[in-house]
Amino acid sequence: MAILIPLVFLFSYFFIRKIWFQLRKIRTVGTIERIELGYIRPNLILPEVKVHYKYYFQSGLYFGSGYLSLSDFLPTEEFHLHLGPGENPILYVGDLEIITEEHIEHYLLSKGGSVFLYLDPIEPYHSRIDTVNLNSITVPSDLL
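(A) Seen up close, the packing of aromatic side chains. Taken as a whole and judged by the stated rule, the model has 3 aromatic pairs. A ring pair is formed by Tyr55 and Tyr62, whose centres lie 5.7 Å apart and whose planes are at 25°; its orientation type is stacked. Judged by its relative accessible area of 1%, Tyr55 is buried. The ring of Phe116 is capped by Arg27, whose NZ or CZ atom sits 4.3 Å from the centre of that ring.

Put into structure tokens, the structure is as follows:
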């Protein structure tokens, strides 16, 4: 019994700490800088991509990276990804065939150019990707 009370206090401390850290997270938007495909050599491509992003918080610019699934960028479309001749990745989306990693990156960036992030206001360099922002962000122009 003497060991049970300190264990209860310890577990309750960690539980409250976890809830406190989750409640103070701020949701913000970051722009995607680069998307990298994941490979397992010799001939497999992972269904996840590594997303490099940047975001502004208070008076600073921060960079981060995280992993998202390809289906997050293409939620309503069926796709197939494999390595073609010469170790070039090929992405099939509907009737569209996209060859090379640069063209696949450009296509995915055209689908979603920003991500929603959760960041800690006390340590803003600790961020975590929530989802891809599939809505386009535009700025009206008075040049017309």
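(B) Region of the structure containing the sheet that holds strand E6 (residues 96-99). Taking strand neighbours across the sheet as the criterion, the 3 strands line up as E4-E5-E6 in an open arrangement whose pairing is antiparallel. With partners counted over all chains shown, the strands left at the sheet margins are strand E4 (79-83) and E6, one partner each. Taking the axes of each pair of neighbouring strands and ignoring which way they run, one obtains an average angle of 15° across the sheet. By the bridge criterion, 5 bridges tie E4 to strand E5 (residues 89-93) in an arrangement that is antiparallel. Bridge pairing links Leu83 to Pro89 in E5. The strands touched by helix H3 (residues 101-111) are E4, E5 and E6; relative to E5, the strand with the most contacts, the crossing angle is about 35°.

(C) Here's a closer look at unusual backbone geometry. Even without glycine at this site, Gln58 takes up a positive phi of about 55°. On the secondary structure map, Gln58 appears in the loop between strand E2 (44-57) and strand E3 (60-69). Residue Gln58 is classed as exposed on the basis of its relative accessible area of 71%. A positive phi angle, close to 80°, is found at Thr100, a residue other than glycine. As for its position among the elements, Thr100 is in the loop between E6 and H3.

(D) Region of the structure containing the nonpolar core. Counting residues in each nonpolar core, the largest one holds 26 residues, and the members touching the most others are Val51, Phe73, Leu108 and Val115. Sorting elements by how many residues they give to this core places E2 first, with 6 residues. Ignoring sequence-local partners within four residues, the contact set of Leu108 consists of Ile35, Leu70, Phe73 and Leu74.

(E) Representation of the side chain of Asn133. Position of Asn133 among the secondary structure elements: in strand E8 (residues 127-133). Note on Asn133: relative accessible area 8%, which makes it buried. Each residue touching Asn133, except ones within four places of it in the same chain, is listed here: Gly112, Gly113, Ser114, Val115 and Phe116.

Rules used in this analysis
- Residues numbered from 1 in each chain as written.
- Predicted model: local features only at pLDDT ≥ 70, side-chain atom pairs only at ≥ 80, totals over all residues.
- Heavy atoms only, no water.
- Phe/Tyr/Trp six-rings, centres within 6.5 Å; stacked < 30°, edge-to-face > 60°.
- Buried < 20%, exposed > 50% of the residue type's maximum accessible area, 1.4 Å probe, protein only.
- Lys NZ or Arg CZ within 6 Å of the ring centre and 35° of its normal.
- Pairing = 2+ DSSP bridges.
- Helix = DSSP H or I, 4+ residues; strand = E, 2+ residues; numbered from the N terminus.
- Axes fitted to C-alpha atoms, helices over the stretch in contact; angles between N-to-C directions.
- Contact = heavy atoms within 4.5 Å.
- Core = buried A, V, L, I, M, F, W, Y, C linked by side-chain atoms within 4.5 Å.

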